[in-house]
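# Examination of the molecular architecture
For reference, the chains in residue letters:
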Amino acid sequence: MKTQLRNRWTDDMVRFANQGLAKGKVDCTPFGRIDETDRYDFRGLSLTAFVKSRTFVSVDFSCTTLSSAGQFMFCIFEDCVFDEMVADSNLGSSFSSCSFAKASLREADLCGSFTSCDFGGANLSKCAAIEVKFQGCSFASANFRRSELVRCGFEDCTFAGALFHKSTLTKSSFVRTDIESLELKDCLTEGVEILKDP
């Protein structure tokens, strides 16, 4: 399915879609909306555009690749899907009710805020997040090996089955978020706050 979604894009389609996304347009996809979800269909696209200060609502970016040339900066995403996305670039935006299930965000730079987002099974190894806010997010079975989560805020989040190994959690806070049951093997936890209520 992933290969099929990526192979359907011609070079002209990729170029036109990236030009449109850079301008905040979603009607630039040749595949319209997905019948089952009514989201705009950008599944499998190679994202190379530098997208700044745009808003996207109900867009499906599943199985896309975000290369170092492509970045989302100061954007707003609502009800968007990034499942199985591959990104090692900058995701500096506001995300609300979005899904990153099984996404590969290895070595990605996370900025901004994430509210009610699903990171189930996502690879967040070696990712960097500084002063990022996560509220009501699920990280079930997510991989945080060697990640750097510095001065981040986690509120009402879940980490069932998440893996931490040699990660940095320095000065991060966890509010109504159970991390005490996790094995934080060889992790830097200096200044970490675990609070039942703020």
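Provided above is the structure to which this section pertains.
Here we summarise the structure given alongside this text.

## Observations concerning the overall build of the protein
A count of helical and extended segments in the protein gives two helices and 18 strands. Relative to its full complement of 198 residues, the protein shows a buried share of 46%. Within the protein, contacts between residues separated by at least 24 positions form 12% of all contacts whose residues are at least 6 apart in sequence. Of the roughly 9600 Å² that the protein leaves accessible, carbon and sulfur atoms contribute 46%.

## A few points about the pattern of salt bridges
Pairs may arise between side chains of opposite charge once their charged atoms sit close together. Taken as a whole, this structure holds ten salt bridges when the rule is applied. For Glu84, the salt bridge is made with Lys2, and the minimal N-O distance between the two is 3.3 Å. Of this pair, Glu84 sits in the loop between β7 (71-78) and β8 (86-87) while Lys2 sits in helix α1 (residues 2-7), and the two are 82 residues apart along the sequence. Exposure remark for Lys2: the relative accessible area of 33% places this residue in the partly exposed category. Measuring nitrogen to oxygen at the nearest pair gives 2.8 Å for the salt bridge that ties Arg176 to Glu155. Of the two residues, Arg176 is situated in the loop between β16 (173-175) and β17 (184-185) and Glu155 in strand β14 (residues 153-155); the sequence distance between them amounts to 21 residues.

## What to know about the pairing of strand β9 (residues 90-96)
With five of its seven residues buried, β9 lies for the most part within the structure. In this sheet, β9 lies alongside β7 in parallel orientation, the contact comprising six bridges. Bridged to Phe72 within β9 is Leu91. In the sheet, β9 pairs with strand β10 (residues 109-115) via seven bridges, with the strands oriented parallel. In the strand pairing of β10, Ser93 is matched with Gly112.

## Side note on the environment of Val57
Within the secondary structure, Val57 is located in strand β4 (residues 55-57). Val57 gets classed as partly exposed once you look at its relative accessible area, which sits at 43%. With 17 residues separating them in the primary sequence, Val57 and Tyr40 have C-alpha atoms 8.8 Å apart. Each residue touching Val57, except ones within four places of it in the same chain, is listed here: Tyr40, Glu78 and Cys80.

## As for the nonpolar core
Judged by nonpolar contacts, the single largest core of 56 residues is most densely connected at Phe42, Phe119, Phe139 and Phe159. Those elements that provide at least two residues to this core are α2 (11-22), β7, β9 and β10. Here Phe159 is in contact with Phe139, Phe144, Phe154, Phe164, Phe174, Thr177, Ile179 and Leu182, once residues within four sequence places are set aside.

## A closer look at the packing of aromatic side chains
Counted under the stated rule, the structure contains 32 aromatic pairs. Summarising the aromatic geometry, the rings of Phe134 and Phe139 are spaced 5.6 Å apart at their centres and angled 75° between planes, so their arrangement reads as edge-to-face. With respect to class, Phe134 is no different from Phe139; both count as buried. It is Arg8 that lies over the ring of Phe31; its NZ or CZ is 3.9 Å from the centre.

## Quick notes on the side chain of Thr170
Its location among the elements puts Thr170 in the loop between β15 (164-165) and β16. For Thr170, a relative accessible area of 18% corresponds to the buried category. Beyond its immediate stretch of four places on either side in the chain, Thr170 contacts Leu149, Val150, Arg151, Leu188 and Glu190.

Criteria and cut-off values
Residues numbered from 1 in each chain as written. Predicted model: local features only at pLDDT ≥ 70, side-chain atom pairs only at ≥ 80, totals over all residues. Heavy atoms only, no water. Helix = DSSP H or I, 4+ residues; strand = E, 2+ residues; numbered from the N terminus. Buried < 20%, exposed > 50% of the residue type's maximum accessible area, 1.4 Å probe, protein only. Contact = heavy atoms within 4.5 Å. Areas by Shrake-Rupley, 256 points an atom, 1.4 Å probe, with all protein chains shown as cover. Salt bridge = Lys/Arg side-chain N within 4 Å of Asp/Glu carboxyl O. Pairing = 2+ DSSP bridges. Core = buried A, V, L, I, M, F, W, Y, C linked by side-chain atoms within 4.5 Å. Phe/Tyr/Trp six-rings, centres within 6.5 Å; stacked < 30°, edge-to-face > 60°. Lys NZ or Arg CZ within 6 Å of the ring centre and 35° of its normal.

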